[in-house]
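# Secondary and tertiary structure notes
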Amino acid sequence: MYDPAQLRTFLAVAQTLSFTQAARRLGLRQSTVSQHVRRLEDTTGRPLFARDTHSVQLTEDGEAMLGFARRILEVHEQATAFFTGTRLRGRLRFGASEDFVLTRLPEILERFRYDHPEVDLELTVELSGTLHEQLAAGRLDLVLAKRRPQDPRGQLVWHDRLVWIGGERLRLDPDRPVPLIVYPPPGITRARALQALEKQGRAWRIACTSGSLNGLIAAARAGLGVMAHSRGLVPPGLVPVPERAGLPDLGEIDFVLVQGERPGPAQHTARALAAAILASGDRLHRR
């Protein structure tokens, strides 16, 4: 009843909230993405997206279809693997950005390990910039991280905005340098924050540096300063800084999957894990 290709397209649109971004992720024309969604809506007899010229949002039925689509595709992949006799095995070195420490990524990895028990999964949690460097050096097979500036590579997981966040009671003094809570170099959000402030001509100072997301969160909750962070991943206890604070716009950010070039079985296992993450990408958001 439900075409797997249409379900994959639906998930891509649901996770990116953009027909254009979904088409880019899937390597399809935008008209094909629209056609897949329309046919799926015809099959269900329900509108799955509320869309106009400016935005795309899931309807209540679309939210329900998210869970169904994931489960249908999981069973489809399991059946395909069973009847084709293709069992994944070997070592897979996977790197995930610190951004995902507090999301449901562990659930996705647990399910992947259950479906592929003969895969030895090695997880590295690091800064996005560091993960890209390790991938380029051949020390990782697959990376889930922020896209680097001017780097076109990677499958889009989702597109988001960067925002300034801090403790609920934080108040910034406009006459004093902005206190920053940042990752160390080569942190991508660190670079974006400094560039935005310097372009605005706003003075700043480093109030806290930590390579751990939990360390940054603790500093922000203590009121030490502000940090640049993905709007879809704002940790509990922290809130976006009000516009009246006058902080500069940080722009948008892409979270992508980038696969290494090591030949052999690792390529197949990396593609399988990438597919599992893409199918469940909405679970990584903090909605």
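A short tour of the structure in this document, coming up.

## Observations regarding the packing of helix 1 (residues 4-16) against helix 3 (residues 30-44)
- One way to put it is that helix 1 packs onto helix 3 with a least axis distance of 9 Å and a crossing angle of 110 degrees. Here helix 1 lies roughly perpendicular to helix 3, going by the angle between them. Here helix 1 contributes Ala 5, Gln 6, Leu 7, Thr 9, Phe 10 and Val 13 to the contact with helix 3, which in turn contributes Val 33, His 36, Val 37, Arg 39 and Leu 40.
- Residues that form the contact of helix 1 with helix 3 fall into these classes: 7 nonpolar, 3 polar and 1 charged.

## Details of the pattern of salt bridges
- Evaluated as defined, the whole model comprises 14 salt bridges.
- The salt bridge involving Arg 147 is made with Asp 254; its shortest N-O contact spans 3.2 Å. On the criterion of sequence distance, the pair formed by Arg 147 in the loop between strand 5 (142-146) and strand 6 (155-167) and Asp 254 in strand 11 (residues 252-259) is long-range, its members being 107 residues apart.
- Classification of Arg 147 as buried rests on a relative accessible area of 16%.
- Its relative accessible area of 15% is what places Asp 254 among the buried residues.
- For Arg 161, the salt bridge goes to Asp 249, with nearest N and O atoms at 2.7 Å.

## Points about unusual backbone geometry
- Here the residue pair Pro 185 and Pro 186 is connected by a cis peptide bond, since its omega of 5 degrees sits within 30 degrees of zero.
- Relative to the assigned elements, Pro 186 resides in the loop between strand 7 (178-182) and helix 7 (188-200).
- Despite not being glycine, Leu 17 has its phi angle at roughly 50 degrees, a positive value.
- As for its position among the elements, Leu 17 is in the loop between helix 1 and helix 2 (19-26).

## Structural notes on the packing of aromatic side chains
- Tallied over the entire structure, the rule returns 5 aromatic pairs.
- Ring geometry for Phe 100 against Trp 158: centres 6.0 Å apart, planes inclined by 85 degrees, an arrangement best described as edge-to-face. Of the two residues, Phe 100 sits in the loop between strand 3 (90-97) and helix 5 (105-115) while Trp 158 sits in strand 6, which places them 58 residues apart along the sequence.
- Among the residues examined, Trp 158 registers a relative accessible area of 0% and is labelled buried.
- Here Trp 158 and Phe 255 contribute two aromatic rings whose centre-to-centre distance is 4.6 Å and whose plane-to-plane angle is 25 degrees, an arrangement assigned as stacked. Here Trp 158 is found in strand 6, whereas its partner Phe 255 is found in strand 11, with 97 residues between them in sequence.
- Clustering of aromatic rings is evident, with ring pairs tying together Phe 10, Phe 19 and Phe 49.

Definitions and limits used
- Residues numbered from 1 in each chain as written.
- Predicted model: local features only at pLDDT ≥ 70, side-chain atom pairs only at ≥ 80, totals over all residues.
- Heavy atoms only, no water.
- Axes fitted to C-alpha atoms, helices over the stretch in contact; angles between N-to-C directions.
- Helix = DSSP H or I, 4+ residues; strand = E, 2+ residues; numbered from the N terminus.
- Parallel < 35°, antiparallel > 145°, perpendicular 65-115°, else oblique.
- Contact = heavy atoms within 4.5 Å.
- Nonpolar A, V, L, I, M, F, W, Y, C, P; charged D, E, K, R; others polar.
- Salt bridge = Lys/Arg side-chain N within 4 Å of Asp/Glu carboxyl O.
- Buried < 20%, exposed > 50% of the residue type's maximum accessible area, 1.4 Å probe, protein only.
- Phe/Tyr/Trp six-rings, centres within 6.5 Å; stacked < 30°, edge-to-face > 60°.

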